[in-house]
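Structure assessment
Chain residues, written in single-letter form:
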Amino acid sequence: MFLYRREIDGLRSIAVIPVLFFHAGFSLFSGGFIGVDIFFVISGYLICKVMFKYRNLNSNSLFNFYVKRARRTLPALLVMILFSIPFFLYILMPVNLKDYGQSLITTPIFLSNFLFGSENDYWGAISELKPLLHTWSLSIEWQFYILFPLLFFFKKRFAIFLILFLASFISNILINFDELHVYINNHKIRIADFFFTTNRIWEFIIGSCLYVLEKDYKNKI
């Protein structure tokens, strides 16, 4: 659908290395999780590029877009989940199995970021007992995949991008001052800002705006 960009794959490799070293426990890469943020920016750029290639956006082209996204992500995700089940059924304690069972439900429907955000902090010791914790970022990616293409039914896309960017960026600042709490059946549920979708939208929008600027001014970014 569009020309292959080698530099984007290079940026992906640069982003994934600090993430791996961070999770391996290298103190030099204590901020390596920023690689995930870079991936979000890249996704915003690429998905915006894909959507602009659809000359006539309609229900059929939108369906084709979702199918292609599913083919790229779902097979590997489902294989990983299926292979993890017997292993973690054997090693996890019953109390941890309950949490694991919940993540088995929310991960395939791309809501695991809300589950993990309501349970405990990403950096807590208990997080090591959550085998599917890393799927939180894929959930946010898919929430973006589902909602972002709908913006292309509007004419003033760049203005909408800017509004979303500002709203998300301000939300990020405000929520980081204090964690968000919601009440369900009189139970207080905490949503950690690290997992909160609105705190990440601005990163996707940055990538989208970069492509719009590149497209309009015909300069390769």
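An account of the accompanying structure is given in this report. Since we're looking at a predicted model, the values are computed, not measured.

Some thoughts on the side chain of Ser43
Here Ser43 is to be found in helix H2 (residues 34–53). Judged by its relative accessible area of 12%, Ser43 falls in the buried class. Beyond its immediate chain neighbours, meaning those up to four positions away, Ser43 contacts Glu141, Phe144, Tyr145 and Phe204.

Brief notes about empty space enclosed by the protein
Considering all chains together, one arrives at one cavity of 30 Å³ or more under this definition. The calculated volume of the largest cavity comes to roughly 40 Å³. Taken together, Asn96, Asp99, Tyr100, Ser103, Leu115, Phe116, Glu119, Leu129, Lys130 and Pro131 form the lining of the largest cavity. Of all the elements in the fold, those that place two or more residues in the lining of the largest cavity are helix H4 (94–106) and helix H5 (112–119). Examining the composition of the lining of the largest cavity, we find that four residues originate from one element, H4, more than from any other.

What about a nonpolar patch on the surface?
A cluster of nonpolar side chains, Val16, Ile17, Leu20, Phe21 and Phe26, forms an exposed patch at the surface whose accessible area comes to about 440 Å². By the element assignment, Ile17 lies in helix H1 (residues 6–23).

A look at the packing of aromatic side chains
Any aromatic ring pair is given by two values, namely how distant the centres are and how the planes are angled relative to each other. Under the criterion given, the structure shown has 17 aromatic pairs. Centre to centre, the rings of Phe87 and Phe88 are 5.0 Å apart; their planes meet at 80 degrees, and the pair counts as edge-to-face. Phe87 gets classed as partly exposed once you look at its relative accessible area, which sits at 48%. Take Phe88: its relative accessible area is 19%, and that puts it in the buried class. Centroid distance Phe148 to Phe152: 5.3 Å. Interplanar angle 75 degrees. Geometry classified as edge-to-face. The exposure class assigned to Phe148 is buried, which follows from its relative accessible area of 3%. By way of ring pairs, the aromatic residues Phe40, Tyr45, Phe52, Trp136, Phe144, Phe148, Phe152, Phe195, Phe204 and Tyr211 are connected into one cluster. In this structure, Arg69 packs its charged tip against the face of Tyr145, placed 5.5 Å from the ring centre.

Structural notes on the pattern of salt bridges
Tallying each qualifying case throughout the model produces four salt bridges. Put simply, Arg12 and Asp9 hold a salt bridge, and the shortest N to O gap is 2.7 Å. Taken together, the positions of Arg12 and Asp9, both in helix H1 and three residues apart, correspond to about one turn of that helix. Overall, Asp9 belongs to the partly exposed group, its relative accessible area being 30%. Measuring nitrogen to oxygen at the nearest pair gives 3.5 Å for the salt bridge that ties Lys130 to Asp99. With a gap of 31 residues between them, Lys130 in the loop between H5 and helix H6 (136–147) and Asp99 in helix H4 connect regions that are remote in the sequence. Accessibility expressed as a relative area gives 8% for Lys130, which makes it buried. With a relative accessible area of 23%, Asp99 lands in the partly exposed category.

Cut-offs used in this document
Residues numbered from 1 in each chain as written. Predicted model: local features only at pLDDT ≥ 70, side-chain atom pairs only at ≥ 80, totals over all residues. Heavy atoms only, no water. Helix = DSSP H or I, 4+ residues; strand = E, 2+ residues; numbered from the N terminus. Buried < 20%, exposed > 50% of the residue type's maximum accessible area, 1.4 Å probe, protein only. Contact = heavy atoms within 4.5 Å. 1 Å grid on protein atoms, 1.4 Å probe; cavity = no way out; pocket = protein on both sides within 12 Å on 5 of 7 lines; lining within 4 Å. Points joined across faces, edges and corners; volume = space filled by probe spheres on them. Patch = residues over 30% accessible without salt bridge, like charges linked within 9 Å, V, L, I, M, F, W, Y side chains within 5 Å. Areas by Shrake-Rupley, 256 points an atom, 1.4 Å probe, with all protein chains shown as cover. Salt bridge = Lys/Arg side-chain N within 4 Å of Asp/Glu carboxyl O. Phe/Tyr/Trp six-rings, centres within 6.5 Å; stacked < 30°, edge-to-face > 60°. Lys NZ or Arg CZ within 6 Å of the ring centre and 35° of its normal.

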